[in-house]
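Structure assessment
Residues per chain are reported as follows:
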Amino acid sequence: HTGFDFLGKPATTPVFNSPLEFQAGDTFAKAFLAGALNTLKLTAAAIALSTALGLLVGLGSLAQNPLARALAKGYVEVMRNIPVLLHITFWYGLLLELPPASSDGASSLVLASNRGIFLLPTVDGLSVQGVVSISPEFSALLIGISLYTAAFIAEIVRASIGALARGQLEAASALGLSRTTTLRRVLGPQALRVGLPALASEYIGVFKNSTLAVAIGFQDFMAVSETMLTDTGQAVEIMAIVVLFYVCVSLIVSAAMHAFEERHRRWEAS
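Summary of the structure given here.

How each quantity is defined
Residues numbered from 1 in each chain as written. Predicted model: local features only at pLDDT ≥ 70, side-chain atom pairs only at ≥ 80, totals over all residues. Heavy atoms only, no water. Phe/Tyr/Trp six-rings, centres within 6.5 Å; stacked < 30°, edge-to-face > 60°. Helix = DSSP H or I, 4+ residues; strand = E, 2+ residues; numbered from the N terminus. Buried < 20%, exposed > 50% of the residue type's maximum accessible area, 1.4 Å probe, protein only. Lys NZ or Arg CZ within 6 Å of the ring centre and 35° of its normal. Core = buried A, V, L, I, M, F, W, Y, C linked by side-chain atoms within 4.5 Å. Pairing = 2+ DSSP bridges. Axes fitted to C-alpha atoms, helices over the stretch in contact; angles between N-to-C directions. Parallel < 35°, antiparallel > 145°, perpendicular 65-115°, else oblique. Left-handed = near helix turned anticlockwise from the far one by under 90°. Contact = heavy atoms within 4.5 Å. Patch = residues over 30% accessible without salt bridge, like charges linked within 9 Å, V, L, I, M, F, W, Y side chains within 5 Å. Areas by Shrake-Rupley, 256 points an atom, 1.4 Å probe, with all protein chains shown as cover. Salt bridge = Lys/Arg side-chain N within 4 Å of Asp/Glu carboxyl O.

1. Brief notes about the packing of aromatic side chains
For the structure on display, the rule yields eleven aromatic pairs. An angle of 55° between the planes, with centres 5.8 Å apart, marks the rings of F138 and F218 as tilted. One end of the pair, F138, is in helix α4 (residues 136-162); the other, F218, is in the loop between α6 (179-209) and α7 (221-232), and 80 residues separate them in sequence. Looking at F138, the relative accessible area reads 9%, which means it is buried. Site record: aromatic cluster; members linked through ring pairs are F32, F207, F221, F245 and Y246. Directly above the aromatic system of F138 lies the positively charged group of K41, at a separation of 5.1 Å from the ring centroid.

Listed below in structure tokens is the structure:
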């Protein structure tokens, strides 16, 4: 039978690590929401981390120090030529090889074990609790996607600054501005306008790459949808919801970046 009546029926598979608590017996509609929040949480964290790292590497590739330039360029060449799925599986395997949690590490602020990463942890036998807890699956996805995306963002940063007229750098130097002030006040705002379209594409790519979570068992929107398809057999309806979700979020990200670009352009004009 076709239709979306199954959304109100109880699901049999729980969804873990979601901001929305979901247990077996809750509705399939709530399972969709829990999976969507997992995807958005991963996407937001990966965008923030990859942007910070990409900015650092991109500026390093423009540094006067030859060692810093070599390290930055080496990072870009290595990271962007490794498939993102290989990034994820490598870090997942590495995290699972960490030692198990023990009470010896409970006094530290951060505990990294094969059970995950915990902030301000308390260990009671096999149970580990922390103010912030990150599962190995989420950690592997966050590290793998961020390291991969940061290489492309670094190239965007380098190319955006390199596209500006060199005379502006020379004028800022003649005025006695430091390199930090020049970058923050002179080159940075203009480079941001140049690099925004490419940056928006990378952010959408982060969102799409989050679907690789299914490879290591993290229950993002795609993984929850595949489980739901097996449980209900409503393939057409579930795939329609999946397509709608990814199209809508991608369009929202694109529109937000476009609005920011327009606002930035008006600010420069004023």
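2. Here we look at the nonpolar core
The biggest cluster of nonpolar side chains holds 28 residues, and the ones touching the most others in it are I88, L141, I145, Y203, I216 and M257. No other element matches the nine residues that α4 contributes to this core. By size, the runner-up hydrophobic cluster in this structure holds 20 residues, among which are V15, F207, M228 and V249.

3. With respect to the sheet that holds strand β2 (residues 116-119)
The antiparallel open sheet is built from three strands, whose spatial order is β1-β2-β5. Strands with a single pairing partner mark the edges of an open sheet, and in this sheet they are β1 (110-113) and β5 (132-134). Taken pair by pair, the neighbouring strands of this sheet meet at an average axis angle of 10°, ignoring direction. Across four bridges, the pairing between β1 and β2 is antiparallel. Within β2, the residue paired with S113 across the bridge is G116.

4. Topic: the packing of helix α2 (residues 66-79) against α4
Running from N to C, α2 and α4 point in directions that differ by 125°, and their axes come no closer than 9 Å. The orientation of α2 relative to α4 falls into the category oblique. Of the two possible hands of crossing, α2 and α4 adopt the one that is left-handed. Contacts between α2 and α4 involve Y75, V76 and M79 on the former and, on the latter, L147, Y148, A150, A151, A154 and E155.

5. Quick notes on a nonpolar patch on the surface
A cluster of nonpolar side chains, contributed by L109, V110, L119, L120, V131 and V132, occupies part of the molecular surface with about 530 Å² of accessible area. Relative to the assigned elements, L119 resides in strand β2.

6. So, unusual backbone geometry
Even without being glycine, N17 reaches a positive phi, approximately 65°. Following the sequence through the fold, N17 ends up in the segment before α1 (28-60).

Purely geometric numbers; function is a separate question.
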